[in-house]
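Structure at a glance
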Amino acid sequence: MNDHETTEPGQTGHGAALVPAAADGQETLPASLVTDPDHFANPGLPPHVHRAADDNPAAARRAERQVATMFGLSMLFTLVFLVSYFAIPDEATFFLPGIGRAKTQNVVLGLSLGFAIFLIGIGAVHWAKTLMSDVEMVEERHAQASTLEQRAKAVATVNEGVASTQVNRRPLIKYSLGGALGLFALPLGLQVAGSLGPVNVEELKHTIWDPKDNGGKPIRLMRDPEMTPIRLDEVTNGSVFHVMPETLQKYLDEGKGVLEAKAKAAVILMRLDPDLITVPKARDWGVDGVLAYSKICTHVGCAVGLYEQQTHHLLCPCHQSTFDVTQDCKVIFGPARRPLPQLKITVDDAGYLVAPQGFMEPVGPSFWERAR
Ligand code: FES
């Protein structure tokens, strides 16, 4: 605050505590601050402390080597990432205590990418703390709109900042950082290119409900997670079951690929009055009002696990997509754009529910390559 400024009630401008005025209850400044606007002296900047690298060229070179080492190690981890991406088989797993089986490739890719970026980060921090200029500067406040002269000054300040990093004087750092950042971009590009690649719709359709995975025989519907078969007469009107195919047992026994197999195979089964089912195909693909649908939401793949017995609606808890079971799981609310795929079921000679064929369309979220 300068000599020409006045102080309004309620403002201090000096960080002093507000005190209420006795007459009208409004807050105002303590008298001492009004009469003595320089009450708080400018503490100024503390004395500048020189770092070892500021005065000692050997220390500066040592710091430079340390920074370059970190960038170099980052490059090494990025190379580990690249090699692992191609070298580690997709199905390789190992046991992580306390977590269970983990995909070797995921763990190695995650760790190597994490260390690569971590080392770039700590290298940059070390560089800034030991070599870049740490001279304290005072910047006066100024109006928001800048003049051409101010802009030119800003450009000069940026150039000065770049010069203070000494990046042009220290080619070792310049090139090692360039190499680390450049290589780091490669795995990101690979990931993006990989995830945007063409989608194989046939592959999306395939789940372990495909009878080919069961020697061509129909696949029994099993309770999840007990893995016990379900008889038609056990499914009472209004009841609901969470279901897995009997082919999942093989994955459970081997302890491999269980999550991947389960993720696409989850099915929900319910029984309602057959006369309520308005779509002939849906009725024909069920048995006496027992219908089975994929439990994977066609929005972004959450488990559609809530069944409203009174309305015959299936609800996805993630974004509230609602599917009407009486209308072949048509979407009647929410962001999903496609009905839940139905699984055709029938009954075997022993009275158990079986699926004679797999899903006829991809389960899960919609893709732009799909017809629907
Ligand atoms: S995932 Fe089901 S509504 Fe979004």
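Here the structure is a predicted model, which means the values were calculated and not measured. (Residues numbered from 1 in each chain as written. Predicted model: local features only at pLDDT ≥ 70, side-chain atom pairs only at ≥ 80, totals over all residues. Heavy atoms only, no water.)

Another point: the pattern of salt bridges. All told, the structure shown has 11 salt bridges when counted by the stated rule. We note a salt bridge from Asp 233 to Arg 231, for which the minimum N-O separation is 3.3 Å. Relative accessible area serves as the criterion here: at 55%, Asp 233 is assigned to the exposed category. By sharing partners, the salt bridges in this structure join Arg 51, Asp 54 and Asp 134 into a single network. (Salt bridge = Lys/Arg side-chain N within 4 Å of Asp/Glu carboxyl O. Buried < 20%, exposed > 50% of the residue type's maximum accessible area, 1.4 Å probe, protein only.)

Taken in spatial order, the 7 strands of this open sheet run β13-β8-β7-β6-β5-β15-β14, and their pairing is antiparallel. What marks the edges here is a single partner per strand, and that holds for β13 (342-343) and β14 (346-347). One ladder, built from 3 bridges, connects strand β5 (residues 219-223) with strand β6 (residues 240-245); its direction is antiparallel. Note on β6: the bridge partner recorded for Leu 221 is Pro 245. (Pairing = 2+ DSSP bridges. Helix = DSSP H or I, 4+ residues; strand = E, 2+ residues; numbered from the N terminus.)

Counting across every chain of the model gives 3 aromatic pairs. Centroid distance Phe 81 to Tyr 85: 6.3 Å. Interplanar angle 25 degrees. Geometry classified as stacked. One end of the pair, Phe 81, and the other, Tyr 85, are both in helix α3 (residues 57-87), 4 residues apart, so they sit about a helical turn from each other. In this structure Tyr 85 comes out as partly exposed when scored by relative accessible area, which is 23%. Among the aromatic residues, ring-to-ring pairing joins Phe 81, Tyr 85 and Phe 86 into one connected group. If you follow Arg 231 out to its NZ or CZ, it ends over the ring of Tyr 352, 5.5 Å from the centre. Directly above the ring of Trp 285 sits Lys 281, whose terminal nitrogen or CZ lies 4.6 Å from the centroid. (Phe/Tyr/Trp six-rings, centres within 6.5 Å; stacked < 30°, edge-to-face > 60°. Lys NZ or Arg CZ within 6 Å of the ring centre and 35° of its normal.)

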